[in-house]
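Breakdown of the fold
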Amino acid sequence: MAVLRAGKTNNEADQPSSPVLRFGPDKPLKLDAGTLLSPFQIAYRTYGTLNDARSNAILVCHALTGDQHVASTNPVTGKPGWWEVLIGPGKIIDTSRFFVICSNVIGGCLGSTGPASTNPATGKSYGLDLPVITIRDMVRAQQMLVDHFGIEKLFCVLGGSMGGMQVLQWASSYPERVFSALPIATGARHSSQNIAFHEVGRQAVMADPDWHGGKYFEHGKRPEKGLAVARMAAHITYLSEAALHRKFGRNLQDREALTFGFDADFQIESYLRHQGMTFVDRFDANSYLYMTRSMDYFDLAADHGGRLADAFAGTKTRFCLVSFTSDWLFPTEESRSIVHALNAAGASVSFVEIETDRGHDAFLLDEPELFAAINGFIGSAARARGLGV
Amino acid sequence: MSVNGSQRVDLEVVANLIPPQSRVLDVGSGDGSLLELLQETKQVDGRGLELSQRGVNECVARGLSVIQGDADKDLEFYPDKGFDFVVLSQTLQATRNPKLVLDELLRIGNRAIVSFPNFGHWRVRLSLFVKGRMPVTKDLPYSWYDTPNIHFCTIRDFVNLCEELGATVEKATALDANGQKIGLSMPWWFWNFFGQQAVFLLKR
C-alpha cells in the first residue's frame, strides 16, 4: 500500500502502479486555458479483451475523487475498485464480454499529469503552475488514449457526477465516436450552489498554513487539515438528510452522555472526521482544487450559444440518463433538462429516476433499480451494435 | 399511464397501422407492451413517454428507450415532424388538455394514432340512463371520484375535435366488446353505439 505521506512527493503521480501512456512533445494536449500541455501522461486500467472489430469498448469516466482503478484493488487504499459492484466478470458490465477502459483524468493525482506530477521544466511538482483543466480537456486526453487502442467508436461511455459531465462532453464533442452514452447523477452545468460548496472546500485547503501557496511538497508538508475539512463539507453534499438521520440520528459516539466539550460527541461528527482523515491519505490537495474547478467551469449549453439542444444536434448516440430522488447536488431537474434538450435534438433517450434516500452517492452503491436500468440499456444497445445477446 | 382495465385489444390494431422501420413515439407507453410489440414485429425505431416512474424503469430495464414525462407538459420539447407516427393509446381521456395534446401529436408526427374508450358505447349510456349513475364497467372500472379518466369523449366527439384541429381521418376502426372490429360499412352512429374502443389514424 503506497499511502501518500506528508513530506514525500506523490509517487503514484509520476510512476503509477497502473499502465501509463506518455505523450511526447510531438503530441501536446491542447488546453481550454489556451496553452499546450507537453509532455503529459495518462494512467489507465483496462479489463477484458478488445474484440477484433474493436467494437466492444466501454469507457468509464470517474468522478471528482475517483481514479482509474474502477474494477480492481486500489493500490493506495487497498480497497476494492470504486465500481466493482457494477463492473467485472459476470457483472452487469461484464468484462468477459466488454473491454472496459478507465483512465485517471488530467489534473488528477494517480498517474495522469496533474498538479502533483513533476514538471519536467523545473524538476519540481507543478503545483499551481499547471493551467486550469476543464472537463473538455480531460475528454480530449481520453480521446487520445482511445486512439492509442485503435478504437474508432466506443460502444459506451458512462460515468456519474463529474464522470457524467465527461460523458456528456464526449457525446457532444465526438458524437460519431460514441455509440451509447450513460450519464448518471450529473448535470450539463454546475449550479451556483455546487460552485459555492466547492469554493468552501478550496478555501479550507488554502487556509491551511501547510498549503504554502500550493508549493507544499517543496516544504515537506501537505495541507491535511484543510483538505480534510474540504472533504467533510463535500461529503455531506453526497448524502441526504434522510440517510444521515437513518444512519446516525443523534446517536452518541462511544459515550453515554454529552461531554460539554468539542470532541466528537455525535456519531456523525466522528464519521465525518474519519472521512476527512482517510481522504487525505489518498488524495492530493492541489488536485482537489483542480478537480473542483473543472466542474465549476462546466457549462455545455454556454459552449453552444446557450442552447443545450445544439450541443447534441444531429446526434445518433443512444442516451440513458439516471437521477436519484434524494440527490440534492444534481437533482432530477438537471437530468430532465438534458433529456428535454436531447428530445429537441431528436436523440434516442431513456431517462430513469430512482427512488432512494442515499443521495448523490447512490450511483456508487448497490442499487438494484440502477443496475436493472443499466442492464436493460446496455443490453439493447449491444443488440443494436451487433454484440450478441 | 394505461388507464384501462381491458386486455388492450387495441394494441394489435395500432401495430397493424405502422409500417416496418418507422420512427415511432409512444405517448403513455405504460409497461412498454406496444413498443416491444412494434420492435419485435416491425423493427421500428421506438421511443416512449410515460408518466409513472415505475413504468419507465420497467421499460428501460427491458431495453426500451423511454423517458418519464407528462403528455400535458413535455410534448413541447419534441421537434416538428420528428417521428413518422406518434401513438396515444388509451391515454387521451386522462390528459388535462386533450385538445392541446392532440394538436401536439399532429405537430410532432407525420401521422398520429389515437385510441380511446368510447363513452358513447351502449353500456355506458344504459348505465347513466337506467341507473342514473356514472358508469363503472369492465373496461372502465373506476368510480367517479378516483378515476384518472377526466376527459371522456364519444367517437362522435372525437371526430368533431379532429375537424376543429384540421386533422384528416385516414383510417378509423371501432372495436366491439369482444375486441372484434366492427364492419367498415357501418355508419358512424352504429360505431358510436356499439364501439367500445376506437382507433384513429390521423394526418394534418
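What counts and how
Residues numbered from 1 in each chain as written. Chains lettered and ligands numbered in written order. Predicted model: local features only at pLDDT ≥ 70, side-chain atom pairs only at ≥ 80, totals over all residues. Buried ≥ 20, exposed ≤ 12 C-beta atoms within 10 Å, placed from the backbone. Helix = DSSP H or I, 4+ residues; strand = E, 2+ residues; numbered from the N terminus. Pairing = 2+ DSSP bridges. Right-handed = clockwise from strand over helix to strand, strands pointing away. pLDDT = per-residue confidence, 0-100. Contact = placed C-beta atoms within 7 Å. Axes fitted to C-alpha atoms, helices over the stretch in contact; angles between N-to-C directions.

Details of the pairing of strand β4 (residues 83-89) of chain B
Residue and element names in this part refer to chain B. Burial analysis of β4 places 6 of its 7 residues in the buried class, which makes it a mostly covered element. When strand β1 (residues 23-27) meets β4, the two strands line up parallel, connected through 4 bridges. By the bridge assignment, leucine 25 is partnered in β4 with valine 86. Note: β4 against strand β5 (residues 109-117), 6 bridges, orientation parallel. For valine 86, the partnering residue across the bridge sits in β5 and is alanine 112. Each parallel crossover has a hand, and for β4 linked through helix α5 (residues 98-108) to β5 it is right-handed.

Quick notes on the confidence of the model for chain A
With 97% of its residues at a pLDDT of 70 or more, chain A has an overall mean of 95. Below pLDDT 50 for its whole length, residues 5-9 of chain A participates in 7 contacts with residues either more than four positions away or in separate chains.

A short note on the sheet that holds strand β11 (residues 318-324) of chain A
Residue and element names in this part refer to chain A. Pairing within the open sheet is mixed, and its 8 strands lie in the order β1-β4-β8-β5-β9-β10-β11-β12. The sheet is open, and its two borders are formed by β1 (20-23) and β12 (348-354), each paired with just one other strand. Adjacent strand axes in the sheet meet at a mean angle of 20 degrees when their direction is disregarded. In this sheet, strand β8 (residues 99-103) lies alongside strand β5 (residues 57-61) in parallel orientation, the contact comprising 4 bridges. Within the sheet, the bridge partner assigned to leucine 59 lies in β8 and is isoleucine 101.

Some points on unusual backbone geometry
The omega angle of the peptide bond from A:Ser38 to A:Pro39 is -10 degrees, so this bond is cis rather than trans. For A:Pro39, the position within the fold is in the loop between β3 (36-37) and β4 (40-47). The backbone of A:Phe260 sits at a positive phi, close to 55 degrees, despite the residue not being glycine. Summarising the element assignment, A:Phe260 is placed in the loop between α6 (241-247) and α7 (267-280). Judged by local crowding, A:Phe260 falls into the exposed class, with 7 C-beta atoms found within 10 Å. Unlike most non-glycine residues, B:Gln21 shows phi in positive territory, near 65 degrees. Within the secondary structure, B:Gln21 is located in the loop between α1 (10-16) and β1.

Remarks on the interface of chain A and chain B
Put simply, an interface is often sized by how much accessible area is lost when its parts join up. With 20 residues of chain A in contact, the opposing surface of chain B contributes 16 residues. Only α9 (332-344), β12 and α10 (368-384) of chain A provide two or more residues apiece to the side of chain A that touches chain B. With 8 residues, α10(A) is the single largest residue contributor to the side of chain A that touches chain B.

Regarding the environment of B:Ile67
Assignment of secondary structure puts B:Ile67 in strand β3 (residues 66-68). With 28 C-beta atoms counted inside 10 Å, the residue B:Ile67 sits in the buried group. Separated by 29 residues in the primary sequence, B:Ile67 and B:Leu38 place their C-alpha atoms 17 Å from one another. Not counting residues within four places of it along the chain, the set of residues in contact with B:Ile67 comprises A:Val339, A:Val349, A:Ser350, A:Phe351, B:Leu49 and B:Val56.

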